[in-house]
Amino acid sequence: MNGDKELEAAKTTLTQFMTMNKMRKTPERYAVLEAVHNSGKHISADDLHATMNEKFRVSRGTVYNTLEMLYRANLVMRHQFGGVILYEKRTNRPHYHMVCTECNSISEFSSTTLKNTLSTIKLRGFNITDHDLCLYGICTKCRQKLSRQKKKLLQNNDKKTL
């Protein structure tokens, strides 16, 4: 589904959710949904608020409350990466995350093997409705940077011992 159709489907789902729960259908709520969809990345509530206020005046509280509502409506995903909560639009494409512990960059990856393995897990007395997998490590860029720093440090130590 392309971006415009995805957003329109999400707006329809949001309208249905608010109708079912007897909630007001405000332009601010639709604007938050649209902002998450248009961000194209994992975004914090504060960053979303700052971005939105460039185009659409909305309070920080409205952003936080609407993100919670969008999460309950199954329209956004909520992730906690290293103590920070980030949101992204929900997709039908299963994906997982890699977080660099040096630069905090977040990359997504897909794995059919992992998807199939996770779908076979059965837990007694527990019905899995969703999952979130996050791998922590050091990205290639940071590994290279750390390697250069280590090499430089070793060279400096060698010079000092001469």
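Before any of the text, the structure's been laid out above.
Computed from a prediction, not measured in an experiment: that's the story for all the values here.

(A) Representation of the nonpolar core in the model. The biggest cluster of nonpolar side chains holds 24 residues, and the ones touching the most others in it are Leu14, Leu48, Met52, Val63, Leu67 and Leu70. Among the secondary structure elements, those contributing two or more residues to this core are α1 (3–20), α2 (27–39), α3 (45–52) and α4 (60–72). Residues contacting leucine 67, with those up to four places away along its chain left out, are Val32, Val36, Ala45, Leu48, Val76 and Tyr87.

(B) Spotlight on the environment of lysine 122. Tracing the backbone shows lysine 122 in the loop between α5 (112–119) and β5 (134–137). Owing to a relative accessible area of 69%, lysine 122 belongs among the exposed residues under this scheme. Placed 80 residues apart in sequence, lysine 122 and histidine 42 show a C-alpha to C-alpha distance of 30 Å.

(C) Expanded view of the sheet that holds strand β3 (residues 96–100). Pairing in this open sheet of 3 strands is mixed, and the strands run β4-β3-β5 from one edge to the other. In this open sheet, the two strands that pair with only one neighbour each are β4 (106–109) and β5. Geometrically, the sheet is characterised by an average inter-axis angle of 25 degrees between neighbouring strands, direction not taken into account.

Definitions and limits used
- Residues numbered from 1 in each chain as written.
- Predicted model: local features only at pLDDT ≥ 70, side-chain atom pairs only at ≥ 80, totals over all residues.
- Heavy atoms only, no water.
- Core = buried A, V, L, I, M, F, W, Y, C linked by side-chain atoms within 4.5 Å.
- Buried < 20%, exposed > 50% of the residue type's maximum accessible area, 1.4 Å probe, protein only.
- Helix = DSSP H or I, 4+ residues; strand = E, 2+ residues; numbered from the N terminus.
- Contact = heavy atoms within 4.5 Å.
- Pairing = 2+ DSSP bridges.
- Axes fitted to C-alpha atoms, helices over the stretch in contact; angles between N-to-C directions.

Take it as geometry only, folks, not as evidence of what the structure does.
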